Amino acid sequence: MKPERSTLRSYARISTLLKERIATGEFVIGARLPPDRELTVHYDVSRPTMREALIALEVEGVVSIRPGSGVYVISKHPRLENAFNIEVDLLEILQARRVMESEASALAAAQLSAVQLKSITDHIDDIRNFHEADDVVGFKHAHRRFHQSIAEASGNVAVTSAIATLWNIRPYDSQIEMFTSTLRILANDKDFAYYNEIVDPLRSGNPDNARIEMRNAYTVIIDLILDEMESKAIDTARKHIESKRDLYRST
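Residues numbered from 1 in each chain as written. Predicted model: local features only at pLDDT ≥ 70, side-chain atom pairs only at ≥ 80, totals over all residues. Heavy atoms only, no water.

Considering the overall build of the protein
So, point 1. For the protein, the count of helices and strands is ten helices and four strands.
So, point 2. When its helices and strands are written in sequence order, the protein yields α-α-α-β-β-β-α-α-α-α-β-α-α-α.
So, point 3. Expressed as lengths along the three principal axes of its C-alpha atoms, the size of the protein is roughly 75 × 50 × 35 Å.
So, point 4. The contacts in the protein between residues at least 6 apart in sequence include a share of 72% that link residues at least 24 apart.
So, point 5. When the accessible area of the protein is evaluated, it comes to approximately 13500 Å², of which 53% is carbon and sulfur surface.
So, point 6. Averaging the locations of the 32 positively and 37 negatively charged side chains of the protein gives two centres separated by 4 Å. (Helix = DSSP H or I, 4+ residues; strand = E, 2+ residues; numbered from the N terminus. Contact = heavy atoms within 4.5 Å. Areas by Shrake-Rupley, 256 points an atom, 1.4 Å probe, with all protein chains shown as cover. Lys, Arg positive; Asp, Glu negative; His and termini not counted. Charge placed at Lys NZ, Arg CZ, Asp CG, Glu CD.)

Comments concerning the side chain of His 147
So, point 1. Relative to the helices and strands, His 147 resides in helix H6 (residues 136-153).
So, point 2. By relative accessible area, His 147 is classed as buried at 1%.
So, point 3. Aside from chain neighbours lying at most four places away, what touches His 147 is Glu 101, Trp 167, Tyr 194, Ile 198, Met 214 and Tyr 218. (Buried < 20%, exposed > 50% of the residue type's maximum accessible area, 1.4 Å probe, protein only.)

Details of the pairing of strand S1 (residues 63-66)
So, point 1. Strand direction decides the pairing type here: S1 and strand S2 (residues 70-73), joined by four bridges, are antiparallel. Residue Ser 64 lies in a different strand from S2, and its bridge partner there is Tyr 72.
So, point 2. Here S1 hands over to S2 after three residues, with Gly 68 in that stretch at a positive phi of 85°. (Pairing = 2+ DSSP bridges.)

Considering the environment of Ala 23
So, point 1. With respect to the secondary-structure elements, Ala 23 resides in helix H1 (residues 10-23).
So, point 2. In sequence terms Ala 23 and Asp 122 are 99 residues apart; their C-alpha atoms lie 33 Å from each other.

Description of helix H3 (residues 47-59)
So, point 1. If you check H3, its first and last C-alpha atoms are 18 Å apart, about what 13 residues at 1.5 Å a residue would give, namely 18 Å.
So, point 2. Buried within H3 are the following residues: Thr 49, Met 50, Ala 53, Leu 54, Ile 55, Ala 56, Leu 57 and Val 59.
So, point 3. Summarising the contacts, the buried residues of H3 are in contact with H1, helix H2 (36-43), S1, S2, H6 and helix H7 (157-168). (Expected span 1.5 Å × (residues − 1).)

Description of the layout of surface pockets
So, point 1. The computed volume of the largest pocket comes to approximately 620 Å³.
So, point 2. Taken together, 25 residues form the lining of the largest pocket, with Arg 51, Ile 65, Arg 66, Pro 67 and Val 71 sitting closest to its centre.
So, point 3. Elements with a contribution of two residues or more to the lining of the largest pocket: H2, H3, S1, S2, helix H5 (114-132) and H6.
So, point 4. What lines the second largest pocket is a set of 25 residues, among which Glu 52, Lys 140, Arg 144, Trp 167 and Arg 170 lie closest to the centre.
So, point 5. Put simply, the parts of the chain that give the lining of the second largest pocket at least two residues each are H3, helix H4 (90-109), H6, H7, strand S4 (170-171) and helix H8 (173-187).
So, point 6. With five residues, H6 is the single largest residue contributor to the lining of the second largest pocket.
So, point 7. Its residues assigned to classes, the lining of the second largest pocket comprises 15 nonpolar, four polar and six charged. (1 Å grid on protein atoms, 1.4 Å probe; cavity = no way out; pocket = protein on both sides within 12 Å on 5 of 7 lines; lining within 4 Å. Points joined across faces, edges and corners; volume = space filled by probe spheres on them. Nonpolar A, V, L, I, M, F, W, Y, C, P; charged D, E, K, R; others polar.)

As for H1
So, point 1. With 14 residues, H1 extends 20 Å from end C-alpha to end C-alpha; this agrees with the ideal 20 Å at 1.5 Å per step.
So, point 2. Burial runs high along H1: ten of the 14 residues are buried.
So, point 3. Residues Tyr 11, Ala 12, Ile 14, Ser 15, Thr 16, Leu 17, Leu 18, Lys 19, Arg 21 and Ile 22 constitute the buried set of H1.
So, point 4. Two residues or fewer past H1, Gly 25 is found with a positive phi of approximately 90°.

Overview of the pattern of salt bridges
So, point 1. Here the structure, examined in full by the defined rule, presents 14 salt bridges.
So, point 2. Across the pair Lys 19 and Glu 60 runs a salt bridge whose closest N-O atoms are separated by 3.2 Å. Linking Lys 19 in helix H1 with Glu 60 in the loop between H3 and S1, this pair joins segments that are 41 residues apart in sequence.
So, point 3. Glu 60 gets classed as buried once you look at its relative accessible area, which sits at 1%.
So, point 4. Taking the shortest distance from any N to any O, the salt bridge between Glu 242 and Arg 245 comes out at 2.5 Å. Taken together, the positions of Glu 242 and Arg 245, both in helix H10 (residues 207-249) and three residues apart, correspond to about one turn of that helix.
So, point 5. Residue classification places Arg 245 among the partly exposed residues on the basis of a relative accessible area of 33%. (Salt bridge = Lys/Arg side-chain N within 4 Å of Asp/Glu carboxyl O.)

Spelled out as structure tokens, the structure:
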């Protein structure tokens, strides 16, 4: 049973409304959607929220975002109808991505074309530019496209689709910011080691090393998140003890 729209996140609500307009034929395949400035006014949301909604539609295969041109309808049928209705613990999501994307990276390394390699490295440039501009929405989307472009380069449609599904499963609301802040920490490395270490074995065509480096990259993220969880748990416990100390000292 689908949740009531009022319970959906703002961007998911807008995405759902736009999909309905596309499904009813208000926006036909090939049509360009109104400019995001116009859409933000129409739906009374912020531009970042609208951007999230449009990115979600692109991920679902409903629209194509063409920089400098606009957003175009390419399908009436989303690839993942229940993308917004699933919430899973962040660590479980990352564990699953680590398994799937490590193998996808190995497959990609065995057959990567020059065009595919350029697409992957272009996404690193996008990540850097969005990070330096403090554009969190663009940064997250570019990071996702980096990983998905590697999956697409595997040449295996089933693997690519499975990884796209994993990226559409959202962590609990309380964990979303934790994941984003962890990625921003990694992006602060001036050499962008996280991304370049993934790309190096792809560039050299070494499947075994590609598998290892992708696995290592996810392990780094998981370890950082566990460290943050531990720190927050200790801080919460410390505050709890302090409140008890104050209580018993005052009586």
